[in-house]
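Commentary on secondary and tertiary structure
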Amino acid sequence: MGSIRKIVVLTFVTLDGVMQGPGGPTEDTSGGFAHGGWTVPYFDEALGETMGEQMGRPFDLLLGRKTFDIFASYWPQQSENPFEEVTKYVVSNTLTEHSWQKSVFLAGDVVEKIRALKQETGPDLQVHGSGLLIQTLLKHDLVDQLWLKIFPVTVGAGKRLFGEGVIPAAFTLSETKVSPSGVIIASYKRAGELKTGSF
């Protein structure tokens, strides 16, 4: 038996914890969100290189349906598509098939299906976007690593990376650097139970 596949969450997040609509004004306007595209002014070469490194290692994708829809409408048309050859596992109770090759749909008891997926042989599973799915993964302690890019902005309202249902948990900071534009690149590994104390 090989090692268990890790679930790695790659998220762009604001200082006030919002992950909604990082890439453009129309990416995700649900809930009346009007600040989409907040990553764009800060997306420098160093950040692009980090993303290239993180997506340059073997991985499959684990996505929520809305993020899959965004990816599927964009990436297959691009000449350089980092997701073409990877298996795309999509959590959805409505979609069952798609023309984008290597798309696999998970419905029903998705927590059990994701647990089973982690036991299979294969590369680690990267989660991009997928705010709702991330809440489920955090609630059921299925996230092994958080690869965060923390942007020097606040946006107020919006979908948060750590929403309702997040369990108390400890993480170890495994890597950190700062891009010239002020984005903190911080990677965390899950590290057992939350410990508390008093002064």
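Above this text you will find the structure in question.
This write-up is about the structure you can find in this document. Just so it is clear, the structure is predicted and the values come from calculations on it, not from any experiment.

**Overview of the nonpolar core**
With 25 residues, the main nonpolar core has I7, L62, I114, V127 and L137 as its most contacted residues. If you list the elements that add at least two residues to this core, you get β1 (7-14), β3 (88-91), α3 (110-119), β5 (124-128), α4 (131-139) and β6 (145-151). In contact with I7, not counting residues within four places along its chain, are L62, I114, K118, L125, V127, L137, L142, V143, D144 and Q145. Core analysis: the second largest hydrophobic core is formed by 13 residues, F71, A72, F83 and V86 among them.

**Structural notes on the sheet that holds strand β7 (residues 171-178)**
The 8 strands are arranged β4-β3-β2-β5-β1-β6-β8-β7 in an open sheet whose pairing can be described as mixed. Strands with a single pairing partner mark the edges of an open sheet, and in this sheet they are β4 (103-106) and β7. When the angles between neighbouring strand axes are averaged without regard to direction, this sheet yields 25 degrees. Pairing of β1 with β6, which is carried by 7 bridges, proceeds in the parallel orientation. Looking at the pairing, T14 lines up with F151 of β6. Taken strand by strand, α4 contacts β1, β2 (59-64), β3 and β5, and its axis lies near 105 degrees from that of β2.

Conventions and cut-offs
- Residues numbered from 1 in each chain as written.
- Predicted model: local features only at pLDDT ≥ 70, side-chain atom pairs only at ≥ 80, totals over all residues.
- Heavy atoms only, no water.
- Core = buried A, V, L, I, M, F, W, Y, C linked by side-chain atoms within 4.5 Å.
- Buried < 20%, exposed > 50% of the residue type's maximum accessible area, 1.4 Å probe, protein only.
- Helix = DSSP H or I, 4+ residues; strand = E, 2+ residues; numbered from the N terminus.
- Contact = heavy atoms within 4.5 Å.
- Pairing = 2+ DSSP bridges.
- Axes fitted to C-alpha atoms, helices over the stretch in contact; angles between N-to-C directions.

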